[in-house]
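Each chain, letter by letter, is given below.
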Amino acid sequence: MAQENDAIGFYFLDLWRLHSKSAASAAAATTSSSASGLSPEDSEFEEEPTELDTVNSSGGFSLVGADKLSVQYPSVNLHGHDVGVVQANKPAPSKRLIYYFEIYVKNAGARGQIAIGFTSPGFKMRRQPGWEANSYGYHGDDGLLYRGHGKGESFGPTYSTGDTVGGGINYAAQEFFFTKNGMIVGNVQKDVKGPLFPTVAVHSQYEEVLVNFGQEQFAFDLKAFEAEERAKQQATIDNVAIPQNASYGIVRSYLQYYGYEETLELFDMSSKSTLPPISLAEENGCTGEGNSYAIDHRKTLRQLIRRGEIDDAFCKLQQWYPHLVQDDKSALCFLLHCQKFIELVRVGRLEDAVAFGRTEFEKFYRLTEVHDLVKDCAALLAYEQPLKSSVGYLLGDSQREIVADAVNAMVLSTNPNIKDSKICLHSCLERLLRQLTTCFLEKRSLNGDQGEAFDLRRILSTYKKA
Amino acid sequence: MSVFWFVLGRPADFESMASSKKVITREEWEKKLNDVKIRKEDMNKLVMNFLVTEGYVDAAEKFRLESGTEPDIDLATITDRMAVKKAVQCGNVEDAIEKVNDLNPEILDTNPQLFFHLQQQRLIELIRNGKVAEALEFAQEELAPRGEENKSFLEELERTVALLAFDDVKNCPVGDLLDISQRLKTASEVNAAILTSQSHEKDPKLPSLLKMLVWAQNSLDEKAAYPRINDVSTATLEDPAI
């Protein structure tokens, strides 16, 4: 039992760690200039093409500008193997809904044999994109689409000097699409897996093309296109049938699980008066796992911790669940003691904090697994304005929340009807969201890492209708 | 040919199934689940969004205090919206129209269909209460002119007026109009229009996430056997069927 309980405690210590890390990376993000806002350690992070590759080039048949964002055809072309092809420095990132880049035709040169497309890593650098296997190209001189051989298929208009042309990969639909001057020209099925490089080609004298990997605004409204694609997917999802009142039950069990008892009471009261009245199926659903167990105690403990009254919360725990706080070196006690220390710092009782820390942290410093957390707490003393420091997150509401949630889970685990205490770690809602996230990640990994992950934050941030 | 297929087909099918579908054990799956971190504040936001959109104003206010989650809309506007909804649900359509106009006159001005449906509901309530003369007058003066503007309105009007032609309205072909579900339909249409006018989504996010879960599981089924959640209300993992 003691071990099981500590598993719960350590789970919340890990949450704290995560919190500490994200606070640190948020501080770092304000100084870095990554466009996606992701750090390289993030699993969703991917390197993006930023410039043209000048190492793997087509010899003398392409002349890449000093900014590595423009390409010229320097000579008089002789035959079909004299194409000036340039790939981007990185393949198109795939862990997203859509990848897109654009070119601007500065000069269509003698014959306007310009192409935009995508090619695989081993592409022959003297051939137009589309002429070889695993390559796709939209050609300016004939407006044809080439995929895999030298014969093109009718596709769109031709393009020439002054035109902006774009190439994109729609990972959800598994399609390439091309644009001209901000308008979609057409799309074509993508039947190749593996990395693909954004590619441009020039093939007659004086041709000159500028490439935009997103460093400047696109002529094409990519955001609107993405929204449209997501709406298409959403329309399919909207057709799925789910049991009536399923959401209602999940919200109710969430309130029960976390001990938001007063909200629950009002929620139940008003749902009785709705039309049609919602039937309260107590016996099935998440409620069956004893979510209302000790809800009064859990509510009181949460309120005390949220107000920062840690001593009172500790007393109540000693009174109601003495065995939970028996082991003074347990993860739960550690959390509570740290919070007490944090509360002392918050109200400026620094001397008391030091005295408390000396006795308490001394005890825990022997537990090597919490060194990092003790250090974070102790660091609060080092700053004149701890709130603005790198450990300022400790003074936030969410730190109290972690402690309150840990206490809540521990109390839930004392329910004699619970067979597996792991069930106490998550609300029904959290289990559903974890399953949803995992399904998306697994689906993507079985699809060659193509497509976007489930992003709850993005969904939550679309509060306002478009 | 078909017999041949029957004999040889099954084991071959079985083999191809086994080789193409990845099997993920419960242990492996739980490890993946544990790598997923869902933020508490995000779950709180989801719950708040549900309470607000569904109109649980008292619960939303309390949840704000208990969880420290800020609602994404002024809670006072929920009370007004719910009053309109309730009025329609109780059959007080005139009252509801007045309340919508107090809230924002543009809502009905810019939604002719909604306005028509409210007037239609008013007609239904008159018929329900046996006020035949009043119902006829209202249909001719208020609804017919709108029917001339729009063909689908006219059809709806004719269907509604047909209620007057039957003695036993409960069992007549258009009896569904008198059903409580018709009131609920109209009420939820008004509710959605008010939410839209407040630049808020008309549906809560949670049901659509549940749908997304069912959809994601179904499409993953094509490529893998893994522990599923078949009952969203219990959220228990069920072992893969292999």
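None of these values were measured; they are calculated from a predicted model.

Draft legend 1. Seen up close, the overall build of chain B. A tally of helices and strands in chain B yields twelve helices and four strands. Expressed as a percentage of the 242 residues in chain B, the buried residues total 45%. Taking all contacts inside chain B whose residues are at least 6 apart in sequence as the whole, residues at least 24 apart take part in 52%. Of the roughly 12,800 Å² that chain B leaves accessible, carbon and sulfur atoms contribute 52%.

Draft legend 2. Expanded view of the overall build of chain A. Each helix and strand counted, chain A has twelve helices and 13 strands in total. Each of the 466 residues in chain A was classed as buried or not, and the buried ones make up 50%. For chain A, the share of sequence-separated contacts (at least 6 apart) that also reach a separation of at least 24 residues comes to 66%.

Draft legend 3. Main features of the nonpolar core. In this structure, A:Trp16 and B:Leu51 are the most contacted members of the largest nonpolar core, which totals 112 residues. The element that contributes the greatest number of residues to this core is helix α7 (residues 331-346) of chain A, accounting for eleven residues. Counting contributing residues per domain, this core is built from domain 1 (2-23 + 291-445) and domain 3 (242-290) of chain A, each supplying no fewer than three. Residue contacts for A:Trp16: discarding those within four places in its chain leaves A:Phe334, A:Leu335, A:Cys338, A:Leu373, A:Cys377, A:Tyr393, A:Leu394, A:Gln399 and A:Ile402. By size, the runner-up hydrophobic cluster in this structure holds 34 residues, among which are A:Ala92, A:Val105, A:Ile114 and A:Val165.

Draft legend 4. Layout of the sheet that holds strand β8 (residues 153-154) of chain A. All names here are of chain A. On the basis of which strands lie adjacent, the open sheet formed by six strands has the order β3-β12-β5-β6-β7-β8 and antiparallel pairing. Edge positions in the open sheet fall to β3 (84-87) and β8, since each of these has one partner strand only. Sheet topology places strand β6 (residues 135-139) next to strand β7 (residues 144-147); three bridges connect them, and they run antiparallel. Bridge assignment links Gly137 to a residue of β7, and that residue is Tyr146.

Draft legend 5. Quick peek at the pattern of salt bridges. Residue and element names in this part refer to chain A. Considering all chains together, one arrives at 45 salt bridges over all chains under this definition. For Glu51, the salt bridge goes to Lys68, with nearest N and O atoms at 3.6 Å. Linking Glu51 in the loop between α1 (2-29) and β1 (63-64) with Lys68 in the loop between β1 and β2 (70-72), this pair joins segments that are 17 residues apart in sequence. The class for Glu51 is partly exposed, based on a relative accessible area of 27%.

Draft legend 6. Focus on empty space enclosed by the protein. Under the criterion given, the structure shown has four cavities of 30 Å³ or more. In this structure, the second largest cavity encloses a volume near 40 Å³. Here the lining of the second largest cavity is built from residues that sort into eight nonpolar, no polar and no charged.

Draft legend 7. A look at the sheet that holds β1(A). Residue and element names in this part refer to chain A. Taking strand neighbours across the sheet as the criterion, the seven strands line up as β1-β2-β13-β4-β9-β10-β11 in an open arrangement whose pairing is antiparallel. At either margin of the open sheet sits one strand with a lone partner, and together these are β1 and β11 (183-189). Of the pairings in the sheet, the one linking β2 to strand β13 (residues 208-212) comprises three bridges and is antiparallel in character. The residue of β13 that forms the bridge with Gln72 is Glu208. Here helix α2 (residues 222-238) sits on the sheet and contacts β4 (98-107), β9 (164-170), β10 (175-180) and β11; the angle it forms with β4, its principal contact strand, is near 145°.

Draft legend 8. A look at the packing of aromatic side chains. All names here are of chain A. Tallied over the entire structure, the rule returns 29 aromatic pairs over all chains. Ring centres of Phe101 and Phe213 lie 5.9 Å apart, and the angle between their planes is 25°; this geometry places the pair in the stacked category. Remark: Phe213 occurs in the loop between β13 and α2 and Phe101 occurs in strand β4; sequence separation between them is 112 residues. Phe213 gets classed as buried once you look at its relative accessible area, which sits at 8%. Taken together, Tyr99, Phe101, Phe118, Tyr136, Phe176 and Phe213 form an aromatic cluster joined through their ring pairs. Between Lys443 and the ring centre of Phe440, over which it is positioned, the NZ or CZ distance is 5.9 Å.

Draft legend 9. Representation of the interface of chain B and chain A. In this assembly, 66 residues from chain B lie in contact with 68 residues from chain A. Interface area, chain B with chain A, both sides summed: about 6,300 Å², of which 68% is carbon and sulfur. Connecting chain B to chain A are eight salt bridges. Residue A:Lys422 pairs with B:Glu30 through a salt bridge whose shortest N-O separation is 3.9 Å. Run the count over chain B and chain A and you get 24 residue pairs in polar contact (both at pLDDT 80 or more). At 15 residues, helix α12 (residues 205-221) of chain B tops the list of elements feeding residues into the side of chain B that touches chain A.

Draft legend 10. Region of the structure containing unusual backbone geometry. All names here are of chain A. Of note in this structure, Asn134 is not a glycine but carries a positive phi near 60°. Locating Asn134 in the fold gives a position in the loop between β5 (115-119) and β6. Positive phi, close to 50°, is recorded for Ala294, a residue that is not glycine. Among the secondary structure elements, Ala294 is positioned in the loop between α4 (261-272) and α5 (295-306).

Draft legend 11. Spotlight on the packing of helix α3 (residues 246-257) of chain A against helix α11 (residues 428-445) of chain A. All names here are of chain A. The N-to-C vectors of α3 and α11 enclose an angle of 120°; their axes lie 8 Å apart at closest approach. Classified by the angle their axes make, α3 and α11 are oblique. Contacts between α3 and α11 pair Ile250, Ser253 and Tyr254 from the former with Cys428, Leu429 and Leu432 from the latter. Partitioned by chemical class, the residues of the contact of α3 with α11 number five nonpolar, one polar and no charged.

Draft legend 12. The packing of α11(A) against α12(B), seen in detail. Between α11(A) and α12(B), whose axes approach to 9 Å, the crossing angle comes to 40°. Viewed along their axes, α11(A) and α12(B) adopt a mutual orientation that is oblique. The element α11(A) and its partner α12(B) pack so that their crossing is left-handed. Residues A:Leu429, A:Leu432, A:Leu433, A:Gln435, A:Leu436, A:Cys439, A:Phe440, A:Glu442 and A:Lys443 of α11(A) pack against B:Leu206, B:Leu209, B:Leu210, B:Met212, B:Leu213, B:Trp215, B:Ala216, B:Gln217, B:Ser219 and B:Leu220 of α12(B). Split by residue class, the contact of α11(A) with α12(B) holds 14 nonpolar, three polar and two charged.

Draft legend 13. Summary view of the side chain of B:Gln182. All names here are of chain B. With respect to the helices and strands, Gln182 occurs in helix α11 (residues 180-197). On the accessibility criterion, Gln182 (8% relative accessible area) is buried. Here Gln182 is in contact with Gln120, Gln121, Ile124, Asp176 and Leu177, once residues within four sequence places are set aside.

Draft legend 14. Region of the structure containing the pairing of β9(A). Residues and elements named next belong to chain A. Of all the seven residues making up β9, seven are buried; the element is thus mostly covered by neighbouring parts of the structure. The alternating pattern of β9 places Thr164, Gly166, Gly168 and Asn170 and Val165, Gly167 and Ile169 on opposite faces, both of which are buried. Sheet topology note: the β4/β9 ladder contains seven bridges and is antiparallel. Bridge assignment links Tyr100 to a residue of β9, and that residue is Gly168. When β9 meets β10, the two strands line up antiparallel, connected through six bridges. Residue pairing across strands places Ile169 opposite Phe176, the latter belonging to β10.

Draft legend 15. Highlighting the confidence of the model for chain B. The predicted model of chain B has a mean per-residue pLDDT of 86, with 92% of residues at 70 or higher. Below a pLDDT of 50 lies the segment residues 1-18 of chain B, which in the model reaches three contacts outside its immediate sequence neighbourhood of four places, other chains included.

About the criteria used
- Residues numbered from 1 in each chain as written.
- Chains lettered and ligands numbered in written order.
- Predicted model: local features only at pLDDT ≥ 70, side-chain atom pairs only at ≥ 80, totals over all residues.
- Heavy atoms only, no water.
- Helix = DSSP H or I, 4+ residues; strand = E, 2+ residues; numbered from the N terminus.
- Buried < 20%, exposed > 50% of the residue type's maximum accessible area, 1.4 Å probe, protein only.
- Contact = heavy atoms within 4.5 Å.
- Areas by Shrake-Rupley, 256 points an atom, 1.4 Å probe, with all protein chains shown as cover.
- Core = buried A, V, L, I, M, F, W, Y, C linked by side-chain atoms within 4.5 Å.
- Domains from an automatic or database assignment.
- Pairing = 2+ DSSP bridges.
- Salt bridge = Lys/Arg side-chain N within 4 Å of Asp/Glu carboxyl O.
- 1 Å grid on protein atoms, 1.4 Å probe; cavity = no way out; pocket = protein on both sides within 12 Å on 5 of 7 lines; lining within 4 Å.
- Points joined across faces, edges and corners; volume = space filled by probe spheres on them.
- Nonpolar A, V, L, I, M, F, W, Y, C, P; charged D, E, K, R; others polar.
- Axes fitted to C-alpha atoms, helices over the stretch in contact; angles between N-to-C directions.
- Phe/Tyr/Trp six-rings, centres within 6.5 Å; stacked < 30°, edge-to-face > 60°.
- Lys NZ or Arg CZ within 6 Å of the ring centre and 35° of its normal.
- Buried area = accessible area lost by both parts, 1.4 Å probe.
- Polar contact = N/O pair within 3.5 Å; in protein donor to acceptor, adjacent residues only side chain to side chain.
- Parallel < 35°, antiparallel > 145°, perpendicular 65-115°, else oblique.
- Left-handed = near helix turned anticlockwise from the far one by under 90°.
- pLDDT = per-residue confidence, 0-100.

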